[in-house]
2 protein chains.
Amino acid sequence: MHFTSEQRLDDNVLEREFTLGEIPGILWAPASTPAPLPLILLGHPPLGLRRMYPRLVARARHAVADGFAAATIELPGSGDRPRWEAAEQARADLRRAVEAGEPVSDEIIDALVLPLVDRAVPEWRAALDALLALPGIGGPVGYSGGVISIGVRLAVVEPRIAAAVLFAGSFVPRAMFEEARRVTVPLHVLLQWDDEGNDRQAALDLFDAFGSEEKSLHAHMGGHTGVPQSAAEAAARFFTRHLR
Amino acid sequence: MHFTSEQRLDDNVLEREFTLGEIPGILWAPASTPAPLPLILLGHPPLGLRRMYPRLVARARHAVADGFAAATIELPGSGDRPRWEAAEQARADLRRAVEAGEPVSDEIIDALVLPLVDRAVPEWRAALDALLALPGIGGPVGYSGGVISIGVRLAVVEPRIAAAVLFAGSFVPRAMFEEARRVTVPLHVLLQWDDEGNDRQAALDLFDAFGSEEKSLHAHMGGHTGVPQSAAEAAARFFTRHLR
């Protein structure tokens, strides 16, 4: 892990950009910390860190104000990272289906999501290794938001993830329902009831499938980006209950 | 409204029992209030105020600590209030169906719930008239919990209800889905995901039917009485956002 830039935001949050091999990332933490902090990994959709930055930094500032460090990395195939042919093809197929008003087939969803999960999850784990080796960061670790299938896989394979806030707002391959049964950490699941790009019944089925003894579903009105402020605060309280 | 007893609880909450005609009720408020308070009506299942008292007083103490007055009345046919033949018959039919492991028919649900709603709602409105005439109580008014169909009807017909916390934990007659469309106040709906006596799909359909622009659904694991403390706190914050 190699820090490439550092700036102090006006609320005294220290923002450091880094690279981990070829993967760019950002770490937010208080300018000084008396003790190692718990960490929240900030998931995001595959639209590129630069485009997602305004929302990510807002989430990070809240996390730091609540006593956490927060970090994120670029997803494979997003931002300046190399595209790969099959993912571009799956995105094109998805666009075509949506524009034609056709249902999005299982084949398209699998092609779109499964390779992304397979590539991204080992990278998040490598980032976790590097982040937890830093002096100011001690864990436990939470994962929040982004592509829900990445959160599910991480929660299954990465024992350092102690709790997760998942956003039921992206397509879920059928294979992920089986993985969901193997999730055991506390979950706080957000669902936008009228999310135009999301299958509500699939989201409810996925929630039902999670093996966690402690899980809760929080559905709010509105579309994909309409999560109300009160819902973000409730998610923050979930992390405070479980990670601090 | 006639106060019949008064005691100061150890946290300085003033608990006053009253009767409104034949209907017993309880009002909780701070021992002294500088300004008229908003009011939360505490709904409860038809098991009698005496049996429900421990849970009601706990909810009332939280409400008072949050800056509200809280009040409840006995439901028709519960506690010491006269039973009526049709309701007793419906309860017996329900018991029989549940013990035989049969599905509870729409006829039983209608016979059980609709007459209760028809009788109870005018009584809650009369109680509201009397409570809002007291010097320390000024509104706005929230309704919380209990038989969900009573909450739905109250929210439709009583313009002084400004927000409601509803517990999707009791049978819902089909006719109530139509009434639900006419609810417009902000709603915070609780659902116990594994509620043994409740139809989860009906609860989700009812949530979907509500006409309110602001509504949220909060599903937690466990059975009917297993609502976690964090869920009660989130419901309290909903009232604080909307009534204070």
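Structure first, text after, so check above.
Now for a quick tour of the structure. The numbering scheme is per chain: residues are counted from 1 as the chain's sequence reads. Written order determines the labels here, with chains lettered from A and ligands numbered from 1. Where totals are concerned, whole chains, interfaces and linings use all residues; where local detail is concerned, this predicted model gives features only for residues with pLDDT of at least 70, and gives and counts side-chain atom pairs only at 80 or more.

A word on the overall build of chain A
- Labels follow the DSSP assignment, with helices taken as runs of H or I lasting at least four residues and strands as runs of E lasting at least two, numbered in each case from the N terminus. A tally of helices and strands in chain A yields 7 helices and 9 strands.
- Reported as C-alpha extents along the three principal axes, the dimensions of chain A are approximately 55 × 40 × 30 Å.
- In chain A, buried positions account for 44% of the 244 residues.
- For chain A, the share of sequence-separated contacts (at least 6 apart) that also reach a separation of at least 24 residues comes to 67%. Buried means a residue has 20 or more other C-beta atoms within 10 Å of its own C-beta, exposed means 12 or fewer, and partly exposed covers the counts in between; C-beta atoms are placed from the backbone. Any two residues are considered in contact once their C-beta atoms, placed from the backbone, lie within 7 Å.

Description of the relation of the copies chain B and chain A
- To superpose the copies, least squares is applied to the C-alpha atoms of every residue with a pLDDT of at least 70 in both. Superposing chain B onto chain A takes a rotation of 180° combined with a translation of 0.0 Å along the rotation axis, leaving an RMSD of 0.0 Å. Both copies are brought into coincidence by an operation consistent with a two-fold rotation axis. Minimal C-alpha separation from the rotation axis in chain B is found for H218 of chain B, amounting to 2.3 Å.
- A high fraction, 100%, of the interface residues of chain B reappear at the interface in chain A, so the copies pair face to face through one surface.

Some points on the environment of L49 of chain B
- Looking at where L49 of chain B falls in the secondary structure, it is placed in helix α1 (residues 49-65).
- Once the C-alpha coordinates of L49 of chain B and S105 of chain B are considered, the two residues, 56 residues apart in sequence, prove to be 28 Å apart.

Some details on helix α2 (residues 85-99) of chain A
- Each helix should span, by expectation, one fewer than its residue count multiplied by 1.5 Å. If you check α2 of chain A, its first and last C-alpha atoms are 21 Å apart, about what 15 residues at 1.5 Å a residue would give, namely 21 Å.
- Within two residues after α2 of chain A, G101 of chain A carries a phi angle of roughly 70°, on the positive side.

Focus on the interface of chain B and chain A
- Taken together, the contacts link 13 residues of chain B with 13 residues of chain A.
- A strand pair is defined by DSSP finding two or more bridges across the two strands. The pairing of strand β9 (residues 215-220) of chain A with strand β9 (residues 215-220) of chain B spans 5 bridges and is antiparallel. Each residue of the ladder has a partner; that of L217 of chain A, found in β9 of chain B, is A219 of chain B.

Brief notes about unusual backbone geometry
- Of note, the bond from G139 of chain A into P140 of chain A is cis; its omega dihedral lies within 30 degrees of zero at 0°.
- If you trace the backbone, P140 of chain A turns up in strand β6 (residues 137-145).
- For N12 of chain B, which is not a glycine, the phi torsion comes out positive at approximately 75°.

A few points about the pairing of strand β3 (residues 23-30) of chain A
Residues and elements named next belong to chain A.
- Bridging between strand β2 (residues 13-20) and β3 involves 8 bridges; their strand directions are antiparallel. Bridge pairing links L20 to I23 in β3.
- Hairpin geometry of β2 and β3 is characterised by an intervening segment of 2 residues between the two adjacent antiparallel strands and by a positive phi of about 60° at G21.
- Pairing of β3 with strand β5 (residues 69-73), which is carried by 4 bridges, proceeds in the antiparallel orientation. Looking at the pairing, G25 lines up with I73 of β5.

Some words on helix α3 (residues 106-132) of chain A
All names here are of chain A.
- Taking 1.5 Å of rise per residue, the 27 residues of α3 would be expected to cover 39 Å, and the 37 Å separating its terminal C-alpha atoms lies within 8% of that figure.
- The sharpest bend along α3 measures roughly 25° and falls at V117.
- Residues of α3 that are buried: I108, I109, L112, V113, L116, V117, A120, W124, A127, L128 and L131. Across the chain, bend at a residue is computed as the angle between axes fitted to the seven residues ending at that point and the seven starting from it.

A short note on the packing of helix α4 (residues 148-157) of chain A against helix α5 (residues 174-181) of chain A
Residues and elements named next belong to chain A.
- Contact geometry of α4 with α5 gives a least axis separation of 9 Å together with a crossing angle of 35°. For the element pair α4 and α5, the recorded crossing hand is left-handed. Along the contact surface, α4 presents S149, V152, R153 and V156, while α5 presents M176, E179 and A180.
- Among the residues making up the contact of α4 with α5, the classes are represented as 4 nonpolar, 1 polar and 2 charged. Interaxial angle, 0 to 180 degrees, is taken between N-to-C directions of lines fitted to C-alpha atoms, where a helix line uses only the stretch in contact. Here a crossing is taken to be left-handed if its near helix is turned anticlockwise relative to the far helix by less than a right angle, and right-handed if that turn runs clockwise. We call Asp, Glu, Lys and Arg charged. Ala, Val, Leu, Ile, Met, Phe, Trp, Tyr, Cys and Pro are nonpolar, and the rest, Gly among them, are polar.

Considerations on the environment of L243 of chain A
Residues and elements named next belong to chain A.
- Tracing the backbone shows L243 in helix α7 (residues 229-243).
- In the structure, L243 is positioned 241 residues away from H2 in sequence and 27 Å away in space, judged by C-alpha atoms.
- Setting aside residues up to four positions removed in sequence, L243 forms contacts with P38, F68, P140, G142, A162 and A163.

So, the environment of E6 of chain A
Residue and element names in this part refer to chain A.
- Inspection of the secondary structure assignment puts E6 in strand β1 (residues 2-8).
- For the pair E6 and E17, spaced 11 residues apart in the sequence, the C-alpha separation amounts to 6.4 Å.
- Once you skip the residues sitting within four places of it in the chain, E6 turns out to touch L14 and R16.

Side note on the pairing of β5 of chain A
Residues and elements named next belong to chain A.
- Counting buried positions along β5 yields 5 of 5 residues, so the element is predominantly enclosed.
- The alternating pattern of β5 places A69, A71 and I73 and A70 and T72 on opposite faces, both of which are buried.
- Inspection of the sheet shows strand β4 (residues 37-43) paired to β5 by 3 bridges, in the parallel sense. Residue pairing across strands places L41 opposite A71, the latter belonging to β5.
- By convention, orient the strands away from the viewer: a clockwise path from the first strand over the helix to the second makes the crossover right-handed. Taking the sense of rotation as the criterion, the β-α-β connection linking β4, helix α1 (residues 49-65) and β5 turns out right-handed.

Keep in mind that these numbers describe shape and distance, not what the molecule does.
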